[in-house]
Amino acid sequence: MPHFFDHRHPTADDLRATARRRIPGFVFDFLDGGCNDDVNLRRNVEDFRSVELLPRYLRPRGTVSLETELFGRTWAAPFGVCPVGLQGLIWPGACEALAAAATARGLPFILSTTTTADPETIGRITGGSHWFQFYVPYDPGLRENLIARVENSGCSVLVLLADVPVFGYRPRDIRNRFAVPPHIGVRTVMQMLARPAWGAAMLRRGKPRFATLKPYLPPNIDLRQLADFMNRTFTGRLTGDDLARIRDRWKGRLVLKGVATPEDAEEAAARGLDGIIVSNHGGRQLDAGQSTIRALPAIVAAVGKRMEVMIDSGVRSGPDIARALASGAKFTFLGRAFMYGAAALGDRGGEHVAEMIHRQLTQVMEQLGCERVADLPGHLARG
Ligand SMILES: Cc1cc2nc3c(=O)[nH]c(=O)nc-3n(C[C@H](O)[C@H](O)[C@H](O)COP(=O)(O)O)c2cc1C
């Protein structure tokens, strides 16, 4: 059976435009926004687009394969779905639908600690191919409880987060008084009434909840209280010692996400981690930070022979993935592109984005005369 593909949306920008019309303004702002002046958010995207690749037209060629070996598995292509909090608020059921779509396409899905489905549910959907982004609790009892749940869900890759020592300063969310459940003011109600498809889907699925955290949370908290709870309960400021402690406990593969410098990458390698994701949280944390594609080469030079170096933040297309791999990354993840898809097309959004990116990446590799993803570095235009 051919894969689902919606011809009205051949790009992530098309999906973003439809998402903006389908979901309430305060929800779109939460998904779309960066931090402070959105400089880092824009640079992530622009700097990707400035990387140039060289085609080799006259070389003999065979069939393009996107298959990629990573952590003992063969994935169908070198991309997966980023962990995103509150997916069910952005589009009801989005977390479960994206996990199913990724699994059907042989791609990894990373589950966020702060999203709206729990590891038990996602483990059943993915058959154990999911990864889990783990906020590390201070309390050893809670830490053990959560790790054991993740382990029992069949997850084999645990992802720790380096880049949220504090919550980002996000003007759009501040202006909207963004809260969960939403702050019910006249503006919010008007925004919800103006988006009937989202409202109807929300009524069908019920109010989104922090599914994984529910057993530990006070009932009905708003985002401010959630931030306080997260600060009190979880270590935002990870140190090398924290990495070592989790390394001792977790038998599967261990990855650090949010690495922006060769120094942090070195520390992760020294503590025995298996991989890193070069990421700046999609420009949502440090507006003065570097774009990830700019930070990547020095990090690959420092640790690329010792661990798997992956990247996210600013990836919107197949050509972006080719650029990332040509610049030394092994694998890529997309956050907003998948969520724009879910908001624009509901349950089929994930399938569409996977197919769109797959087609785009295959096309660019055929154009380059590059049959295997491992050969992309040979196509980078240098200098
Ligand atoms: C709405 C939203 C919520 C996010 N929530 C989380 C989260 O709970 N945990 C996490 O590790 N990263 C989170 N991220 C960051 C993503 O995992 C990823 O690093 C980022 O979206 C990549 O950039 P891109 O959106 O440009 O692809 C979130 C990103 C967005 C847009």
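Below you will find a few notes about this structure. (Residues numbered from 1 in each chain as written. Predicted model: local features only at pLDDT ≥ 70, side-chain atom pairs only at ≥ 80, totals over all residues. Heavy atoms only, no water.)

### Considering the site of the ligand
Now for step 1: The immediate surroundings of the ligand are formed by 22 residues, with Pro-83, Ser-112, Gln-133, Gly-314 and Arg-316 found nearest.
Now for step 2: Note that an oxygen atom of the ligand is positioned 2.7 Å from one of the side-chain N or O atoms of Ser-112.
Now for step 3: Against a free-state accessible area of 600 Å², the protein chains account for coverage of 97% of the ligand.
Now for step 4: In terms of residue class, the shell around the ligand is made up of seven nonpolar, 10 polar and five charged. (Near = heavy atom within 4 Å. Polar contact = N/O pair within 3.5 Å; in protein donor to acceptor, adjacent residues only side chain to side chain. Areas by Shrake-Rupley, 256 points an atom, 1.4 Å probe, with all protein chains shown as cover. Nonpolar A, V, L, I, M, F, W, Y, C, P; charged D, E, K, R; others polar.)

### Quick notes on the environment of Arg-73
Now for step 1: Counting through the fold element by element, Arg-73 comes out in strand 2 (residues 73-75).
Now for step 2: With a relative accessible area of 33%, Arg-73 lands in the partly exposed category.
Now for step 3: Once the C-alpha coordinates of Arg-73 and Gln-133 are considered, the two residues, 60 residues apart in sequence, prove to be 19 Å apart.
Now for step 4: With sequence-adjacent residues up to four places away left out, Arg-73 is seen in contact with Thr-68, Gly-128 and Ser-129. (Helix = DSSP H or I, 4+ residues; strand = E, 2+ residues; numbered from the N terminus. Buried < 20%, exposed > 50% of the residue type's maximum accessible area, 1.4 Å probe, protein only. Contact = heavy atoms within 4.5 Å.)

### Let's talk about the pairing of strand 5 (residues 131-134)
Now for step 1: Where burial is concerned, the two faces of strand 5 agree: the one with Trp-131 and Gln-133 and the one with Phe-132 and Phe-134 are both buried.
Now for step 2: Looking at chain direction, strand 4 (residues 110-112) and strand 5 are connected through three bridges and run parallel. By the bridge assignment for strand 5, Ile-110 is matched with Trp-131.
Now for step 3: The parallel pair strand 4 and strand 5, bridged by helix 6 (residues 119-126), forms a crossover whose chirality is right-handed.
Now for step 4: In the sheet, strand 5 pairs with strand 7 (residues 157-161) via four bridges, with the strands oriented parallel. From the neighbouring strand, Phe-132 faces strand 7, where its bridge partner is Leu-158. (Pairing = 2+ DSSP bridges. Right-handed = clockwise from strand over helix to strand, strands pointing away.)

### Points about unusual backbone geometry
Now for step 1: The residue Asn-36 is not glycine, and still its phi comes out positive at about 45 degrees.
Now for step 2: One can find Asn-36 in the loop between helix 2 (25-32) and helix 3 (39-49).
Now for step 3: Assessed through its relative accessible area of 36%, Asn-36 is described here as partly exposed.
Now for step 4: Its identity as a non-glycine residue notwithstanding, Arg-177 has a phi of 50 degrees, on the positive side.
Now for step 5: One can find Arg-177 in the loop between helix 8 (171-175) and helix 9 (186-193).

### Points about helix 5 (residues 94-104)
Now for step 1: Buried residues dominate helix 5, accounting for eight of its 11 residues.
Now for step 2: Immediately downstream of helix 5, the backbone of Gly-106 shows phi near 75 degrees, a positive value.

### Re helix 15 (residues 318-326)
Now for step 1: Most of helix 15 sits inside the fold, with eight of its nine residues counted as buried.
Now for step 2: Of all the positions in helix 15, only Gly-318, Asp-320, Ile-321, Ala-322, Arg-323, Ala-324, Leu-325 and Ala-326 are classed as buried.
Now for step 3: At its buried positions, helix 15 is contacted by helix 3, strand 3 (79-81), helix 14 (292-303), strand 11 (308-311), strand 12 (331-334) and helix 17 (349-368).
Now for step 4: Sitting at the amino-terminal end of helix 15 is Ser-317, which places a side-chain oxygen 3.1 Å from the backbone nitrogen of Asp-320.
Now for step 5: Gly-328 sits one or two positions beyond helix 15 and adopts a positive phi of about 115 degrees.

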